Amino acid sequence: MTADTPRRTALAQRLAGLSPAQRAELERRLADRAPTAARERPARIPPRTTGAGPLPLSWSQEHMWHRHRADPSGAAYSVPLKVRLEGDLRVDVLRAAFRDLIARHEILRTTFGESGGVPYQLVHDAPGAEVEHADLRDAEDAEAEVAARLAEEAARPYDLAEGPLFRAVLLRTADDVHMLSLVLHHILTDEQSTGLLLAQFVEAYDRRLHGLPAAAAPRLQYADYAVWQRAGQGDGAAAERLRRCVRRLSGMPAELSLPADRPRPPRPTGRGGAVGAGIGPDLWHRLRALARQERATEVMVLLAVFQSLLRQVSGQHDITVSLPEAGRGHPDLEDMLGCFFNTVAVRCDLSGTPGFRTLLGQVRARCLEAYDDRDVPFAKVVEAVTDGRAEHRHPLLQTMLIFEREGAGRPVEFAGLRMTPLQAPTGHRGARAKRDLTLAAVDQGDTARVDLVYDADLFDPATAQGLLDGYLALLSSLLADPDALTGPGRR
């Protein structure tokens, strides 16, 4: 295996799972991006200078650090990952493979301190985390025991100063079946990093099993990126990107009026709930077809419908919804483990009664503008727009749309083992609410699933279900006749 094997393996698996329509869509998007890809490659990120004082946090890490401080006992920002391993698993080899991974990546042995109110990160030489192992073959109900143990692991709080912030538990349920649970604090990881971690575990296990040396450490560590990012935020280009974001978002309403069942409490508890439903193949295919016709993406169509729903229930036409962004715009970051996520805000004017196709064009244009400035830290945008007085009721912090493509469930064969990543149950999304309303959509190939995660301080389950039903009805209606006029009363 080469150092690039995990990336190629993961990419091949994702490409193999694409339907013909998805492949055509990928080819179209790559063609659209060709002029951009032809531009000069940006300067490489340099390794940090050693002995330069405390290591700063990246902007994404600082956001997570503040969130954790607001709720240190909760598990809102735990990232659980579990896989089923079938075959002749060598526990000693697995443990050694994880020690190799932790030694290879500084971020997996990092903790966080504070000096004068300013957080910093501290990289440790010792691994800190070990794989716990329990044999449940004699348990009366092994499946229930596994579920309880994994739920317990996901709910355990973290101490960012003490660590470790990466936990691994291996549970044996049969002679040739194990369940592996990995739980990381979000300050260490993001969605892409969890996939990279699994791919690199496969390589590390294979190397250990065959007596090969561990893979070499990467040229860059996450702390190098944090130092580089902080240094670049003071240049003129970064300042101009922030000014563009502020100009697009200035003059927003003070609050989006949502149909809450209760007044907002003085201090949010973060209690959440979730309701969900499926999108059948006919409707999902129509959505994709409209996206192709309008040179848009699925998320743009879903967002246009979501903003239409928010217009209906709020009676307002100035609607802003936040979208998560991978935050890996520089090519040096593609294979790095760490927390890179950012957030962009898409603001649209839904006044009048535009046809849905016209509205989709506006949403597409606003999304592209937001993506152009995806590297601007969202925390800085919120601070600038609100003059540092942001509250949870501000539209920038009230709603979000998340779009994912399901692919984590495909098994991987390696070293005589079959590894099947298991999707976390949808209900976990509702354990904690980070926004008033979050619409989470998952592309499942020929179908999709949508979940509406809601703040239980504000909404009853019946109200959330009514909002989700309204969204699905609106989606069906607008896709049936994209040229029909939209309006506050359309369903």
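Caption draft 1: Just helix α13 (residues 461-480), in detail. Spanning 20 residues, α13 covers 29 Å between terminal C-alpha atoms, matching the ideal 28 Å at 1.5 Å per step. Listed as buried for α13 are T463, A464, L467, L468, G470, Y471, L472, L474, L475, S477, L478 and L479. As for α13, its buried residues are in contact with β7 (272-279), α9 (281-293), α10 (298-314), α11 (356-372), β13 (437-443) and β14 (448-455).

Caption draft 2: Just the environment of G466, in detail. Mapping G466 onto the fold places it in helix α13. Take G466: its relative accessible area is 39%, and that puts it in the partly exposed class.

Caption draft 3: Quick look at the pairing of strand β2 (residues 110-115). Pairing between β2 and strand β3 (residues 118-123): six bridges, direction antiparallel. Within the sheet, the bridge partner assigned to T110 lies in β3 and is V123. Linking two consecutive strands that pair antiparallel, namely β2 and β3, is a turn of two residues; a positive phi of about 60 degrees is found at G116 within it.

Caption draft 4: Expanded view of the sheet that holds strand β5 (residues 166-174). If you walk across this open sheet you meet the six strands as β4-β5-β6-β1-β12-β11, and the pairing is mixed. Two strands close off the open sheet at either side, each with one partner strand: β4 (131-135) and β11 (412-414). Neighbour to neighbour, the strand axes of the sheet diverge by 25 degrees on average, direction disregarded. When strand β1 (residues 78-87) meets strand β6 (residues 177-185), the two strands line up antiparallel, connected through nine bridges. Across the sheet, the residue bridging to L85 is H178, located in β6. Contacts from helix α6 (residues 191-209) reach β1, β5, β6, β11 and β12 (417-422) within the one sheet, and its direction differs from that of β12 by about 165 degrees.

Caption draft 5: Broad picture of the pattern of salt bridges. Counted according to the given criterion, the structure contains 39 salt bridges. Residue R149 is joined to E132 by a salt bridge in which the shortest nitrogen-to-oxygen separation is 3.2 Å. On the criterion of sequence distance, the pair formed by R149 in helix α5 (residues 142-155) and E132 in strand β4 is long-range, its members being 17 residues apart. Under the relative-accessibility criterion, E132 is labelled partly exposed at 37%. Each of E132, R149, E153, R156 and R167 takes part in a single network of salt bridges with overlapping partners.

Caption draft 6: Spotlight on α5. Here α5 spans 20 Å end to end across 14 residues, near enough to the 20 Å set by a 1.5 Å rise per residue. Inspection of α5 places A142, V146, L150 and E153 among the buried residues, and these make up the whole buried set. Buried residues of α5 fall within an arc of 65 degrees about the axis and therefore sit on the same side. On the buried face of α5, the contacting elements are β1, β5 and β6.

Caption draft 7: Here's a closer look at the packing of α9 against α10. α10 packs onto α9 with a crossing angle of 105 degrees between their chain directions and a minimal axis gap of 8 Å. Put simply, α9 runs roughly perpendicular to α10. Every residue of α10 that contacts α9 at W284, L287, R288 and A291 is listed here: E298, V301 and L302. Residues belonging to the contact of α9 with α10 are distributed by class as follows: five nonpolar, no polar and two charged.

Caption draft 8: Representation of the side chain of R109. Note on placement: R109 falls in the loop between α4 (91-104) and β2. Among buried charged residues, R109 stands out as having no salt bridge; its nearest opposite-charge side chain is D125, 4.8 Å away. Separated by 2.8 Å, the side chain of R109 and the backbone oxygen of A103 make a polar contact. Ignoring any residue separated from it by four or fewer positions in sequence, one finds R109 in contact with I102, A103, L122, V123, H124, D125, A126 and P127.

Caption draft 9: Geometry of the packing of aromatic side chains. Going through the model one piece at a time under the given rule, you end up with 11 aromatic pairs. Ring centres of F98 and F201 lie 4.9 Å apart, and the angle between their planes is 15 degrees; this geometry places the pair in the stacked category. Of this pair, F98 sits in helix α4 while F201 sits in helix α6, placing them 103 residues apart in sequence. Above the plane of the ring of W59 lies R230, whose end atom (NZ or CZ) is 3.9 Å from the centre. Geometry around Y77 places K434 over its ring, the cationic atom sitting 4.9 Å from the centre.

Caption draft 10: Seen up close, a negative patch on the surface. A contiguous patch of negative charge on the surface is contributed by E140, D141, E143 and E145. Of note, E140 is situated in the loop between β4 and α5.

Caption draft 11: Region of the structure containing the state of the cysteines. Going through the model one piece at a time under the given rule, you end up with zero disulfides. Unpaired in terms of disulfides, C348 finds its nearest cysteine sulfur in C367, a separation of 6.9 Å. Residue C367 is classed as buried on the basis of its relative accessible area of 0%.

Caption draft 12: Structural context of unusual backbone geometry. With an omega dihedral of -5 degrees, the bond running from G163 to P164 counts as a cis peptide bond. Considering the arrangement of structural elements, one finds P164 in the loop between α5 and β5. Even without a glycine there, the phi angle at R295 is positive, about 55 degrees. By the secondary structure assignment, R295 is in the loop between α9 and α10. Its relative accessible area of 42% is what places R295 among the partly exposed residues. Positive phi, normally seen in glycine, also occurs at A415, with a value near 45 degrees.

Caption draft 13: Inspection of the environment of A76 at higher detail. Tracing the backbone shows A76 in the loop between α3 (59-70) and β1. For A76, a relative accessible area of 17% corresponds to the buried category. Considering only alpha carbons, one finds A76 and P157, 81 residues apart in sequence, at a separation of 9.2 Å.

Caption draft 14: Molecular detail of the pairing of β7. Of the two faces of β7, only the one carrying G273, V275, A277 and I279 is buried; G272, A274, G276 and G278 on the other face are not. Here eight bridges tie β7 to β14, and the two strands are oriented antiparallel to one another. Directly across from V275, in β14, lies its bridge partner L452.

The rules we used
Residues numbered from 1 in each chain as written. Predicted model: local features only at pLDDT ≥ 70, side-chain atom pairs only at ≥ 80, totals over all residues. Heavy atoms only, no water. Helix = DSSP H or I, 4+ residues; strand = E, 2+ residues; numbered from the N terminus. Expected span 1.5 Å × (residues − 1). Buried < 20%, exposed > 50% of the residue type's maximum accessible area, 1.4 Å probe, protein only. Contact = heavy atoms within 4.5 Å. Pairing = 2+ DSSP bridges. Axes fitted to C-alpha atoms, helices over the stretch in contact; angles between N-to-C directions. Salt bridge = Lys/Arg side-chain N within 4 Å of Asp/Glu carboxyl O. Arc of directions from axis to C-beta. Parallel < 35°, antiparallel > 145°, perpendicular 65-115°, else oblique. Nonpolar A, V, L, I, M, F, W, Y, C, P; charged D, E, K, R; others polar. Lys, Arg positive; Asp, Glu negative; His and termini not counted. Polar contact = N/O pair within 3.5 Å; in protein donor to acceptor, adjacent residues only side chain to side chain. Phe/Tyr/Trp six-rings, centres within 6.5 Å; stacked < 30°, edge-to-face > 60°. Lys NZ or Arg CZ within 6 Å of the ring centre and 35° of its normal. Patch = residues over 30% accessible without salt bridge, like charges linked within 9 Å, V, L, I, M, F, W, Y side chains within 5 Å. Areas by Shrake-Rupley, 256 points an atom, 1.4 Å probe, with all protein chains shown as cover. Charge placed at Lys NZ, Arg CZ, Asp CG, Glu CD. Disulfide = S-S within 2.5 Å.

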